[in-house]
Amino acid sequence: MKKLSARRRHPLAALVVLLFALAATGGLYAAFAPAEKAQADSAQSLATEEGKKLYSVGCASCHGTSGQGTHNGPSLVGVGAAAVDFQVGTGRMPAQQPGAQVPRKKAIYDQAQIDQLAAYIASLGPGPAIPTKQQYSPDGADIANGGQLFRTNCAQCHNSTGKGGALSEGKFAPTLDGVDPKHLYEAMLTGPQNMPNFPDSTMPQKEKKDIIGYLAQVDSSKSSSPGGLELGGLGPVSEGLFAWIFGLGAMITVAIWVAAHTAKARKS
Amino acid sequence: MSTASHEATDATARRGKAPAGERLADWADGRLGIYGLAKANMRKIFPDHWSFMLGEVSLYSFVIIILTGVYLTLFFHPSMQEVVYNGPYVPLQGIRMSEAFESTMHISFEVRGGLLIRQIHHWAALVFVAAMLVHMMRVFFTGAFRKPREVNWVFGFLLLVLGMFTGFTGYSLPDDLLSGTGVRFMEGAILSVPIVGTYLQMFLFGGEFPGHDFVSRFYTIHILLLPGIMAALLVGHLILVFYHKHTQWAGPGRTNKNVVGMPLLPVYMAKAGGFFFLVFGVIAACAAIATINPIWAFGPYRPDQVSTGAQPDWYMGFSEGLIRVMPGWEINLWGHTLQLGVFIPLIIFPLVLVTIAVWPFIEAWVTGDDREHHILDRPRNRPVRTGFGAAWISWYLILLVGGGNDLWATHFHLSINAITWTVRIGFFAIPALTFVITKRICLGLQRRDRDKVLHGRETGIIKRLPHGEFIEVHEPLPQDQMHTLTAHDQPEPLELGPDVDENGVRRKVDRKTKLRAKLSRSMYGEGAQIPKPTAAEHAEITSGHGHH
Ligand code: HEM
């Protein structure tokens with residue numbers, strides 16, 4: 001043992017011990033650490049990795065090579081996965097021709113790719129996460145309360161049953177008919193373009209769910225219209241057009257018919 | 001019917017006891033003198049033309065509105081009392097609302113036939129005002145407003161205005177989010193009136209908006225005051241139509257002294273009765289097919305809520321247009337704000353309507369025409385009047401477009417600002433343009449009439465003459481058409497006479513006379529009408545060289 005104790009004071013001894021210690025902890029960690037977590041982590045980094053690739057092909061030209069933003073698009077640092085899932089999932093992103101507002105279109109990425117993009121953007125800075133099904137599903141929503149909330153917070157732009165409406169300079173609030181509940185939730189969470197956002201601090205999760213429940217009731221394929229044709233649900237303008245074209249139009253047709261079928265004796 | 005009663009007296013003498021119906025008629029006649037009345041009136045003649053039936057469409061829709069309205073009053077509670085909804089419509093359960101709204105929900109979802117009746121009532125109202133407007137324009141373009149029918153024109157015009165306000169008050173009754181926004185807007189318009197605005201507002205609403213009174217007040221106005229006045233005017237209107245007898249189109253045998261058509265009884269009455277059911281059928285079909293004013297979708301009114309796409313019914317749409325395109329100007333004077341952005345539209349709103357209403361009187365003043373007119377004008381023969389009417393319609397329409405600017409924007413992918421600016425410019429430019437174009441078209445049509453009379457109708461048959469020339473054979477018009485095309489008179493423009501009198505002294509012509517002469521020249525002077533062919537011209541052409 002003399003040899004060993006003699007070398008204890010060697011200047012490199014500390015380093016050697018450190019290396020041994022590191023190797024030991026590493027080995028121990030490898031032996032005892034939960035296997036799934038490691039896999040998830042590597043999957044996460046893989047998704048981020050894939051997302052980054054997709055991003056540099058499809059998005060970087062506008063949003064900058066690392067999401068810092070350019071002339072053509074805003075910075076994406078901190079917008080969160082929810083914003084990406086909404087923007088790409090509703091087909092808005094990647095944006096195409098410039099216009100007053102980036103419109104909804106057919107999504108060009110599938111959900112797996114969207115998740116990868118979202119993972120990458122989320123890795124750039126903390127932001128709202130993609131909501132869970134439990135959060136956005138209309139099941140268990142208080143529909144009447146949702147209606148009240150919708151009329152207070154959304155109807156001024158989207159119309160009282162979500163048929164949409166105009167904003168200034170060619171911008172518009174789109175119809176909410178057929179919008180996926182998840183995207184409804186994310187829109188409220190992130191406030192795309194000219195829409196204000198409704199974070200959980202001002203509109204708790206339960207209220208978002210209520211709104212989604214209300215829309216599912218009044219503005220979806222399964223909502224009924226007790227009075228007959230809805231005429232677009234746009235109110236008096238479409239009603240007026242209908243009254244003139246079909247109401248008065250029919251009246252005049254009938255009048256012409258009646259006047260033409262006069263008693264024959266005096267027809268000149 | 002009453003004829004029967006008279007004949008019955010003779011018949012009874014001959015055949016003993018008459019059937020019960022006849023005896024009843026006889027009994028009534030003995031007390032009410034129906035026969036005399038009927039005898040005088042039932043041979044009244046009513047000419048046939050589809051455009052003469054537009055008034056009837058208004059009449060029948062009015063009747064339908066009254067009938068369905070009575071049904072609605074049985075269930076509607078004109079109260080602003082707050083209640084909690086417990087009815088079958090799930091999205092509103094547990095929501096606080098006024099009794100007015102709740103009872104409308106009740107009518108829509110629980111009263112048997114309630115929703116259908118509500119929809120018939122509302123569709124009939126839209127059609128009613130539309131029919132009135134078209135009826136008015138028919139009267140306008142044909143010159144049916146001329147002496148002796150000016151008073152009836154005014155009656156009719158008042159009916160139109162009252163119809164609009166009856167509609168507006170009715171639309172506001174359910175106290176829903178859409179109409180409440182409209183009432184709020186009206187309140188704002190009243191408030192914008194200088195000095196008295198606030199007092200007026202307080203008087204009407206009985207306190208701060210919305211207060212507790214407005215629904216019950218609107219209710220009285222909507223079901224009692226306005227319909228009462230309208231019913232009275234309507235009866236007066238019809239009595240006058242009856243008394244003046246209906247106008248007719250020019251034609252052989254039709255003069256200013258007769259009316260050619262069907263006797264009121266039985267032919268016209270039978271047709272009118274049938275027509276009532278057709279009108280009712282069309283409106284009922286609309287109501288059965290399409291939703292109108294789905295208040296359940298709008299929700300109850302709350303001052304802190306508003307929906308986009310908030311418009312009034314179409315007949316108030318032009319006022320909405322005025323307010324939407326008006327720049328939001330305001331003036332601050334000694335601590336008071338004058339809201340020109342709201343007040344100016346409030347002033348223009350009645351002016352738009354009055355503009356068309358005063359035309360008959362302006363025309364009468366300019367022409368100085370004091371004769372009675374029972375033969376209608378063909379619109380083309382009065383290019384200035386027709387141009388004016390068309391310009392007015394275009395003015396009205398451009399304002400309607402302004403009133404729906406948001407929907408045109410979303411549906412045609414336009415910028416709402418661009419539409420607003422188009423309407424602002426169009427407000428001034430389009431009527432002028434329409435006037436010029438319409439007048440030109442009228443003159444063109446007059447020229448064609450002249451050609452037709454002089455050269456006959458083009459037959460489309462091409463003939464080759466012996467020396468090789470091709471000509472189209474023209475066929476002389478039948479005599480009655482010839483008559484119709486030349487029956488109108490062509491007034492001479494008013495002449496001021498020479499500037500100086502026989503003594504060489506300058507004559508004094510006051511400004512009013514000068515204006516009148518100027519207007520008269522624009523209506524009847526050169527370039528405002530094409531001289532119709534004279535008999536001599538016609539004779540000359542038809543005698544010698546035949547076709548041209
Ligand atoms: C409640 C609304 C109204 C009803 C029920 C109504 C009804 C009628 C009816 C049934 C006639 C006879 C048939 C016809 O010429 O069409 C008539 C004629 C007439 N109406 Fe109206 N009308 C209404 C509104 C108006 C309006 C808004 C005006 C114009 C401002 C007007 C002006 C006239 C005139 C001048 C006549 C005589 C036409 C002629 O003899 O050629 N009416 N109305």
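Just so it is clear, the model here is predicted, and its values are computed rather than measured. Residue positions are given per chain, counting from 1 as you read along its sequence in written order. In the order they appear in the text, chains get letters beginning with A and ligands get numbers beginning with 1. Only residues with pLDDT of 70 or above have their local features reported here, since the model is predicted, and side-chain atom pairs are shown and tallied only from 80 upward, although totals for entire chains, interfaces and linings are computed over all residues. Excluding hydrogens and water, the side-chain values take into account all heavy atoms of the structure.

### Let's talk about the overall build of chain A
Here is the rule: Numbering of helices and strands starts at the N terminus; helices are DSSP runs of H or I of at least 4 residues and strands are runs of E of at least 2. For every residue, the accessible area obtained with a 1.4 Å probe (protein chains only) is divided by the maximum for its type, and the residue is called buried under 20%, exposed over 50%, and partly exposed between those limits. The criterion used for residue contact is that any of the two residues' heavy atoms lie within 4.5 Å. Each accessible area value is a Shrake-Rupley result obtained with a 1.4 Å probe; residue values ignore everything except the protein chains displayed when judging cover.
Scanning chain A for helices and strands turns up 12 helices and two strands. Helices and strands appear in chain A in the N-to-C order α-α-α-α-α-α-α-α-α-β-β-α-α-α. A total of 268 residues make up chain A; the buried ones form 39% of that total. Sequence-distant contacts, at least 24 apart, represent 61% of the contacts inside chain A between residues at least 6 apart. Element-wise, carbon and sulfur atoms account for 63% of the exposed surface of chain A, whose accessible area totals about 14,900 Å².

### Section: the coordination of the iron atom of the ligand
Residue and element names in this part refer to chain B. Using the following cut-off: Ligating atoms shown are N, O and S within 2.8 Å of the metal, or 3.2 Å for Na, K and Ca, and water is not included, meaning a site may look less than complete. The geometry test gives tetrahedral to four donors whose angles all lie between 85 and 135 degrees, gives square planar to four donors and octahedral to six donors whose opposite members are over 155 degrees apart with all other angles between 65 and 115, and gives irregular to the rest.
Protein-derived ligands of the iron atom of the ligand are His135 (NE2) and His237 (NE2), with the metal-ligand distances lying across 1.9 to 2.1 Å. Its six donor atoms give the iron atom of the ligand angles of 82 to 178° at the centre, a pattern that matches the octahedral case. With a gap of 102 residues between them, His135 in helix 6 (residues 114–141) and His237 in helix 10 (residues 214–244) connect regions that are remote in the sequence. On the basis of relative accessibility, which here comes to 19%, the residue His135 falls in the buried class.

### Side note on the environment of His106(B)
Residues and elements named next belong to chain B. The residue His106 is located in helix 5 (residues 99–109) in this model. Of the residues examined, His106 reaches a relative accessible area of 32% and is grouped as partly exposed. His106 sits 18 residues away from Pro88 along the chain, and the two C-alpha atoms are 8.9 Å apart.

### Here we look at the UniProt feature "domain: Cytochrome c" (unreviewed entry) in chain A
Residues and elements named next belong to chain A. Let me state the cut-off plainly: UniProt positions are given in the numbering used here, feature names are shortened, and annotations may be inferred rather than shown by experiment.
The feature "domain: Cytochrome c" (unreviewed entry), as given by UniProt, occupies residues 46–125 and 141–219 in the numbering adopted here. Secondary structure across residues 46–125 divides into 51% helix and 0% strand, with the first and last C-alpha atoms of the span separated by 18 Å. End-to-end, the C-alpha atoms of residues 141–219 are 15 Å apart, and along that stretch the chain is 49% helix and 5% strand.

### As for the domain arrangement of chain B
Counted only if it meets this: Boundaries of every domain are those given by an automatic assignment or by a domain database.
Taken domain by domain, chain B comprises domain 1 (2–41), domain 2 (45–250 + 259–377) and domain 3 (441–496 + 507–542). With centres defined by C-alpha atoms, the gap from domain 1 of chain B to domain 2 of chain B works out at 43 Å.

### Section: helix 11 (residues 205–218) of chain A
Given 3.6 residues to a turn, an α-helix orients residues that are three or four positions apart in the same direction. Note the threshold: A helix is expected to span 1.5 Å for every residue after the first.
With 14 residues, helix 11 of chain A extends 20 Å between its outermost C-alpha atoms, agreeing within 8% with the 20 Å of an ideal straight helix rising 1.5 Å per residue. Residues Lys208(A), Lys209(A), Asp210(A), Ile211(A), Ile212(A), Gly213(A), Tyr214(A), Leu215(A) and Val218(A) constitute the buried set of helix 11 of chain A. Structurally, helix 11 of chain A contributes buried residues whose contacts are with helix 7 (133–136), helix 8 (143–153) and helix 10 (181–190) of chain A together with helix 12 (295–298) of chain B.

### Focus: a nonpolar patch on the surface
Residue and element names in this part refer to chain B. The test is simple: Patches here are clusters of residues that have more than 30% relative accessible area and form no salt bridge, with a 9 Å joining cutoff for like charges and a 5 Å cutoff for nonpolar side chains (Val, Leu, Ile, Met, Phe, Trp, Tyr). Just to be clear on terms, a salt bridge is a Lys or Arg side-chain nitrogen sitting within 4 Å of an Asp or Glu carboxyl oxygen.
A surface patch of nonpolar side chains, about 410 Å² in accessible area, is lined by Val154, Leu158, Val354, Val358, Phe361 and Ile362. Elements represented by at least two residues in the nonpolar patch include exactly helix 7 (150–172) and helix 15 (359–367). You can see Val354 is positioned in helix 14 (residues 340–357). Take Val354: its relative accessible area is 36%, and that puts it in the partly exposed class.

### Remarks on the pattern of salt bridges
Per the counting criterion, the structure on display carries 24 salt bridges over all chains. The salt bridge involving Lys53(A) is made with Glu50(A); its shortest N-O contact spans 3.2 Å. Pair noted here: Lys53(A) and Glu50(A) are both in helix 3 (residues 35–58), with a separation of three residues, about one helical turn. Relative accessible area serves as the criterion here: at 48%, Lys53(A) is assigned to the partly exposed category. Close ionic contact of Glu230(A) with Lys163(A) constitutes a salt bridge, the shortest N to O distance being 3.8 Å. A residue pair is termed long-range when its members are at least 10 positions apart, and Glu230(A) in the loop between helix 11 and helix 12 (236–260) and Lys163(A) in the loop between helix 9 (155–158) and strand 1 (165–166) qualify at 67 residues. Counted as one network, the salt bridges with shared partners bring together Arg146(B), Glu363(B), Asp369(B), Arg371(B), Asp377(B), Arg382(B), Arg385(B) and Asp489(B).

### Details of the site of the ligand
Residue and element names in this part refer to chain B. For the record, the criterion: Residues are counted as near a molecule or strand when any one of their heavy atoms sits within 4 Å of it. What qualifies as a polar contact is a pair of N or O atoms within 3.5 Å, subject to a donor-acceptor requirement within protein and to the restriction that residues adjacent in sequence count only when both atoms come from side chains. Each residue gets one label: Ala, Val, Leu, Ile, Met, Phe, Trp, Tyr, Cys and Pro are nonpolar, Asp, Glu, Lys and Arg are charged, and the others, such as Gly, are polar.
Taken together, 26 residues surround the ligand, and among them His135, Arg138, His237, His246 and Thr247 come closest. Within the side chain of His246, one N or O atom sits 2.6 Å away from an oxygen atom of the ligand. Breaking the shell around the ligand down by element, the ones donating at least two residues are helix 4 (54–73), helix 6, helix 7 and helix 10. In terms of residue class, the shell around the ligand is built from 15 nonpolar, eight polar and three charged.

### A short note on the pairing of strand 8 (residues 470–475) of chain B
All names here are of chain B. To keep it simple, the criterion reads: Pairing between two strands is assigned when DSSP locates at least 2 bridges connecting them.
The pairing of strand 7 (residues 457–464) with strand 8 spans five bridges and is classified as antiparallel. Paired with Ile462 across the bridge in strand 8 is Glu472. The hairpin formed by strand 7 and strand 8 contains five residues between the paired strands, and Gly468 there has a positive phi angle of roughly 105°.

### Structural notes on the packing of helix 18 (residues 416–455) of chain B against helix 19 (residues 479–486) of chain B
Residues and elements named next belong to chain B. Rules: An axis is simply a line fitted to the C-alpha atoms; with a helix, the fit covers only the stretch in contact. Between two such axes, the angle follows the N-to-C directions and lies from 0 to 180 degrees. Crossings are classed by handedness, with left-handed meaning an anticlockwise turn of the near helix from the far one by less than a right angle and right-handed meaning a clockwise turn.
The geometry of helix 18 relative to helix 19 is characterised by a closest axis approach of 10 Å and an angle of 145° between their N-to-C directions. Between helix 18 and helix 19 lies a crossing whose hand is left-handed. The segment helix 18 lies against helix 19, with Asp449, Lys452 and Val453 engaging Met482, Leu485 and Thr486. Of the residues contributing to the contact of helix 18 with helix 19, the split by class is three nonpolar, one polar and two charged.

### Some thoughts on the nonpolar core
Basically, it comes down to this: Here the nonpolar core consists of buried residues drawn from Ala, Val, Leu, Ile, Met, Phe, Trp, Tyr and Cys, with membership extended through side-chain atoms lying within 4.5 Å.
With 107 residues, the main nonpolar core has Trp123(B), Met136(B), Phe275(B), Ile283(B) and Trp392(B) as its most contacted residues. Ranked by the residues each element gives to this core, the list is headed by helix 6 of chain B, at 18 residues. Look past the residues within four positions of Trp123(B) in its chain and what remains in contact with it is Leu231(A), Glu239(A), Phe242(A), Ala243(A), Ile283(B), Cys286(B), Ala287(B), Ala290(B), Thr291(B) and Ile292(B). Membership of the second largest hydrophobic core comes to 31 residues, among which are Ala144(A), Met188(A), Ile211(A) and Ala297(B).

### Observations concerning the interface of chain A and chain B
Put simply, the test is: Note: buried area is the sum, over both parts, of the accessible area (probe 1.4 Å) each one loses when the two are combined.
Of the residues lining the interface, 56 residues belong to chain A; the matching set on chain B comes to 71 residues. Taking both partners together, chain A and chain B bury about 4,800 Å²; carbon and sulfur atoms supply 71% of that area. Between chain A and chain B we count zero salt bridges in total. Here chain A and chain B share 14 residue pairs in polar contact (both at pLDDT 80 or more) between them. Broken down by element, the residue count for the side of chain A that touches chain B peaks at 20 residues, all from helix 12 of chain A. Split by residue class, the side of chain A that touches chain B holds 31 nonpolar, 20 polar and five charged.

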